[in-house]
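Structure assessment
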Amino acid sequence: FRIPRTGTPMVKQTLLPLLLLAAHLLSPTLAAGLPSVALYYGEQPPLAELRAFDVAVVDPDHVTAPVQRRHPASELFAYLSLGEVQPGRAWFKEIPPRLLVGENRAWGSRLIDPADPAWAEFITDRIVAPLWAQGYRGFFLDTLDSYQRFALTPESRAAREAGLVRVIRAIKTRWPEARLIMNRGFEILPAVHDAIWMVAAESLYRGWNPVQRRYVEVPERDRQWLRGQLDTVRKTWGKPVLVIDYAPPEQRQLARETARRLREEGFIPWVSTPALDQLGVGLVEVLPRRVLVLYNPGESPDLHYSDALRFLGAPLAWLGLTPDYVPVNGPLPAY
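Calculation criteria
Residues numbered from 1 in each chain as written. Predicted model: local features only at pLDDT ≥ 70, side-chain atom pairs only at ≥ 80, totals over all residues. Heavy atoms only, no water. Salt bridge = Lys/Arg side-chain N within 4 Å of Asp/Glu carboxyl O. Helix = DSSP H or I, 4+ residues; strand = E, 2+ residues; numbered from the N terminus. Buried < 20%, exposed > 50% of the residue type's maximum accessible area, 1.4 Å probe, protein only. Expected span 1.5 Å × (residues − 1). Arc of directions from axis to C-beta. Contact = heavy atoms within 4.5 Å. Pairing = 2+ DSSP bridges. Phe/Tyr/Trp six-rings, centres within 6.5 Å; stacked < 30°, edge-to-face > 60°. Lys NZ or Arg CZ within 6 Å of the ring centre and 35° of its normal.

**Here's the deal with the pattern of salt bridges**
Under the counting rule described, the total for this entry stands at 17 salt bridges. We note a salt bridge from Glu94 to Arg126, for which the minimum N-O separation is 2.7 Å. Remark: Arg126 occurs in helix α4 (residues 117-134) and Glu94 occurs in the loop between β4 (84-85) and β5 (100-104); sequence separation between them is 32 residues. For Glu94, a relative accessible area of 43% translates into the label partly exposed. Judged by its relative accessible area of 27%, Arg126 is partly exposed. Among the salt bridges present, the one from Arg160 reaches Asp113, with a minimum N-O distance of 2.9 Å. On the criterion of sequence distance, the pair formed by Arg160 in helix α5 (residues 154-174) and Asp113 in the loop between β6 (109-112) and α4 is long-range, its members being 47 residues apart. Several salt bridges converge on common partners, so that one network encompasses Asp59, Asp61 and Arg89.

Written out as structure tokens, the structure is:
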């Protein structure tokens, strides 16, 4: 692109964003073919915005019909916890009691014993099969190291690791075309690398302390250990690596800088809040465009004749913003 010297201000304002976009799309990281990934576990996920990413991981309890929301350039993955479960899940009471072996108080979840073969059967039949029927074709496998909280001997850990391998193999055997993202699980990766599409890890530079409930900077020693694991994932097993870091929502520039740092190191970045309930920054950053507009339905039974739309509709459209009109006497969004 070339901006003509004699171009009008409007022409320059139009072409400059195109230049920046072209530079971003032609960056070495994106040229290497790494997919963009977003994670959003909150209620009422912004599906229109998440379509900007190649993969968007969502809580399947909040998106129950992914096949109806499928987009040619973007795919929804379902979050799936293999090492611990939340008591609020609809199927929680169906879990055989012997599988519940402890509690993670920081997150309010119950620990699972994956060594029991019944867990692999429960995962495939009760959880993955219904999600597959809904249209999910990818799964984000989380809490793969939770067993380390109660398995304290090498023999005990080996039994739990074998159980996790059994679960992953059961999923891949029943649905060979399923794409799986594994969050950590470095201990079992040599046994399941051929079944895994991507490996994720949290907190390379910035993390979250769930006990103290505060954002933290990862100590250099922990960072070097994790980077060594991730280098093995890439060099030995040839898997793309997604790194999930956390930053306060009001510090957007810090999120951008962290994502840029991860991107420059060849990782797929996602920097968001610990609850993963906001649009963070990754290989793609979706800029805020939606505006909540409260209007008085008493002015007119037809929204098109309300003052809100008459006086705000055209200016918002001119600015490239998308208004969501909500009657002031109705229920307001909780998010």
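That was the structure; now back to the text.
**Notes on helix α7 (residues 220-235)**
The terminal C-alpha atoms of α7 lie 22 Å apart, and with 16 residues this matches the ideal 22 Å at 1.5 Å per residue to within 8%. Those residues of α7 lying buried are Arg223, Leu226, Arg227, Leu230 and Val233. One face of α7 carries all of its buried residues, which in axial projection span an arc of 115°. What points out from α7, more than 90 degrees from its buried face, is the exposed set Arg221 and Lys235. The elements touched by buried residues of α7 are α6 (189-192), β9 (198-202), β11 (214-217), β12 (241-246) and α8 (252-264).

**Brief notes about the pairing of strand β7 (residues 138-142)**
Within β7, 5 of the 5 residues are buried, which leaves it mostly tucked inside the rest of the structure. Of the two faces of β7, the one holding Gly138, Phe140 and Asp142 and the one holding Phe139 and Leu141 are both buried throughout. Across 4 bridges, strand β3 (residues 75-81) lies against β7 in parallel orientation. Across the sheet, Tyr79 pairs through a bridge with Phe140, a residue of β7. Relative to strand β8 (residues 179-183), β7 is paired through 4 bridges, and the arrangement is parallel. Across the sheet, residue Leu141 finds its bridge partner in β8, namely Met182.

**Quick word on the packing of aromatic side chains**
Per the stated rule, a full pass over the model turns up 10 aromatic pairs. Ring pairs connect the aromatic residues Tyr41, Tyr79 and Phe140, which therefore count as one cluster. We note Arg137 situated over the ring of Trp132; from NZ or CZ to the ring centre the distance is 4.0 Å. Looking at Arg179, its charged tip hangs above the ring of Trp197, at a distance of 4.2 Å from the centre.

**Here's the deal with the pairing of strand β10 (residues 206-209)**
With 4 bridges connecting them, β10 and β11 associate as antiparallel partners. Paired with Arg206 across the two strands is Glu217, which belongs to β11. The antiparallel pairing of β10 with β11 creates a hairpin that spans 4 residues between the two strands, and Arg213 there sits at a positive phi of about 55°.

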